[in-house]
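# Observations on the model geometry
Listed here are the chains, written in short residue letters.
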Amino acid sequence: MTSWGRITTGWCTIAGGAMVLLVLGACWPGRLPGASAGAEVLLVAAGALMAQLLLVERDRPLGAVVATGLRLAVPPLLVLVATGIAVQRLVELREWAEPLHDVRDAATGIVNLGPIDRDSPVAGFWIVALLAQSALLLLVLRPLVNRRGTRPGLVVVTVLSAASFGWWVVGGDDLAAARFWPVGCGVLVALLAARRTLPGGPIVAAAGWLAAIGLGAMALLGAGPRLEVLAGVAAGAVLVGTARSSASPGGLLRGRVATWFAWLAWAGFCWAWPALWLAPEAADRDLGLRDRAGLLVMVGAVALLTWALVASVRSVVRHGVAWAALAAVCVLAAVLVTAPGFERLDAIETDAARTEALLGADVPECFGALTIAAQVEGRDCRNRELEGVLHPPLDRAASDFEAYLDCWSQPADADLNLCDLGGEGPRVLVLGDSHARVLLGAFRRLAEQGVMDVTAATKASCAWSTLPLRDSKDPLRGPLCHEWRAKLTMWLEQHAAEYDVIVTTAYSGRMKGPEGDQVQGLVEAWEPAVRAGVPIVALRDNPRLPEATLECLSATDPDAWARCDVARDDVVPDFDPFEPAVAEVDGAHFVDTLPFFCGEDVCPAVTGGVNVYRDYNHVSATYAGTLAAPLYREIARTGVLDDARRSAAG
């Protein structure tokens, strides 16, 4: 093998090894905390390979070089198409927006200079985007190098790398362009190698091994993020610079074996991030050690199939123009596959906005929960006319509730009372205890406006669960709750399928016992309804305060009512079993209502001119009524109402 063949296959070996290290670090971030330094080694090695193909081997036909790059672009584009489909099949609808945007951004990465998102199914694709942008830059430099040798390329790449490094130093490391400098280091090494200015010999090979060992030690021990990047680039530069020696780490693989290894590592690298992100969604649990090991095997198998697919196409298609067309089709497919998801999300948001406008037509702007809900959506909502005003007045705030007796079973009876709140549209059944009864004010407003058809059944202290109710002060509450639940179960067996969705919540402070039993009690109650084809929407219980805020409000001037707010850290830390129960039931959805009651730091006693609580754990009826629009929006975002309308239309 010639020295040039040895050095390029060495760079392939280094790039492949860096990708393996990077994937292992993503699989076991706690065990390999510094493995992301492999990203820098990959960038340096990729920069050297691109410079060799585009700048050093100036006689190589440009079409063949472009075809090589486009072949490398096909695997990540295929991954993006598959990821866009998988997100819409495996992920909760309310969580589609960001990953689908990430898929689109990654597909158009060559023109995307925006922030790097590290928490998405395509988190590793910032590297793909950066390499595509770098290759385009080197293509622009190619005519200059062809005419004047490698010196102009050295100067231009040095300047650009220095500028990128400066940008990174001052805090631009979340942008792709600020991370060009590791690629630039690889380009400079390749250009210096072309000028025969890099040293060789056993000492150089030893330096390469020291760099590899240091990189491995860093992966085991970890380092600060900035130090990790610097050390990774330094190790990459040494490894790439010493690859011409057959005794260096880059000389472990030779010829086609090195190329195949790099190719398979590249395909595996592209598949790894979506697999790691989507697997917990598919399994509805965190991945254990065995899970991740099995996932790695699957990623390797899929990578092999991807490589075989590209190789088979290459045996037929060799011209750069044909590969350009194929890559363009893949980009278009990656963009188009997200279109149904965005259309559905847009339809839901349009419907929610229309409903909010409908419900807000007869109340003051930013009234009650509309203020805090707007803040959650990132909108400024403030009505100065409501400042210092309280609805209802303080002398009636303690009695601000509605009994809904036709939907309510008293503590001393076990009658299953169901009420029809009217309305039209998707049929919604609301079940739970007094905390569910409070929210009937919101559901009644939705029914009155014809947004949904609502039926409800609630029982004092009795969640829709199989968890036994224990009340030392009133021993009869437990048996009566059990009797009411039995009646509800029999009724649901006959009528559950008549409803499009069941919404439930309960007072978490009443659900006593081990946390696992609390979760299992909900799961056991819900599963028959889900098996009947009825989705469940579980609402997080409203926060429980250390004490009621009404006494504080009564003793405080209106302009100082903020003193009565409760710090979010001071809210009673009841375990809320609804979210973990949803994770165990396929067909159940969770809505976190905490943002309707608390900001980042405090839970206000008064917001939008409305008193939030009538006691320490029950929301006031007036505030509950203002929750109609934000509650509808969050339920709609689960997709259950949209599914109901689609089913009715079909």
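Treat the numbers as computed from the prediction; the structure is a model and nothing was measured.

### Examining the overall build of the protein chain
Helix and strand counts for the protein chain come out as 24 helices and 11 strands. C-alpha atoms of the protein chain, sized along the principal axes, occupy 90 × 55 × 45 Å. For the protein chain, buried positions account for 52% of its 650 residues. Restricting the contact set of the protein chain to residue pairs at least 6 apart, pairs at least 24 apart contribute 81%. Carbon and sulfur atoms provide 59% of the accessible area of the protein chain, an area that totals close to 28700 Å². Each charge sign in the protein chain was given a centre, from 53 positive and 69 negative side chains, and these centres are 15 Å apart.

### Details of the environment of leucine 192
Looking at the element boundaries, leucine 192 is found in helix α7 (residues 180-194). Judged by its relative accessible area of 32%, leucine 192 is partly exposed. Spatially, the C-alpha atoms of leucine 192 and leucine 154 are 8.2 Å apart, while their sequence positions differ by 38 residues.

### Quick word on the nonpolar core
With 91 residues, the main nonpolar core has Leu55, Leu80, Ile127 and Phe269 as its most contacted residues. Excluding residues that lie within four positions of it along the chain, leucine 55 makes contacts with Met50, Leu138, Leu141, Arg142, Val145, Val187 and Leu191. One finds Ala442, Val454, Ala628 and Ala629 within the second-largest nonpolar core, a separate group that totals 61 residues.

### Structural notes on the layout of surface pockets
Of the pockets and cavities examined, the second largest pocket occupies roughly 1400 Å³. Considering the residues around the second largest pocket, the lining is formed by 44 residues, among which Val91, Glu92, Arg94, Glu95 and Glu281 are closest to the centre. Going through the elements one at a time, α3 (62-90), α4 (97-107), α10 (255-283), α13 (339-359), α21 (578-584) and β8 (588-591) are the ones with two or more residues in the lining of the second largest pocket. Counting residues per element, the lining of the second largest pocket draws most heavily on α10, which supplies five residues. Here the lining of the second largest pocket is composed, by residue class, of 21 nonpolar, five polar and 18 charged.

Calculation rules
- Residues numbered from 1 in each chain as written.
- Predicted model: local features only at pLDDT ≥ 70, side-chain atom pairs only at ≥ 80, totals over all residues.
- Heavy atoms only, no water.
- Helix = DSSP H or I, 4+ residues; strand = E, 2+ residues; numbered from the N terminus.
- Buried < 20%, exposed > 50% of the residue type's maximum accessible area, 1.4 Å probe, protein only.
- Contact = heavy atoms within 4.5 Å.
- Areas by Shrake-Rupley, 256 points an atom, 1.4 Å probe, with all protein chains shown as cover.
- Lys, Arg positive; Asp, Glu negative; His and termini not counted.
- Charge placed at Lys NZ, Arg CZ, Asp CG, Glu CD.
- Core = buried A, V, L, I, M, F, W, Y, C linked by side-chain atoms within 4.5 Å.
- 1 Å grid on protein atoms, 1.4 Å probe; cavity = no way out; pocket = protein on both sides within 12 Å on 5 of 7 lines; lining within 4 Å.
- Points joined across faces, edges and corners; volume = space filled by probe spheres on them.
- Nonpolar A, V, L, I, M, F, W, Y, C, P; charged D, E, K, R; others polar.

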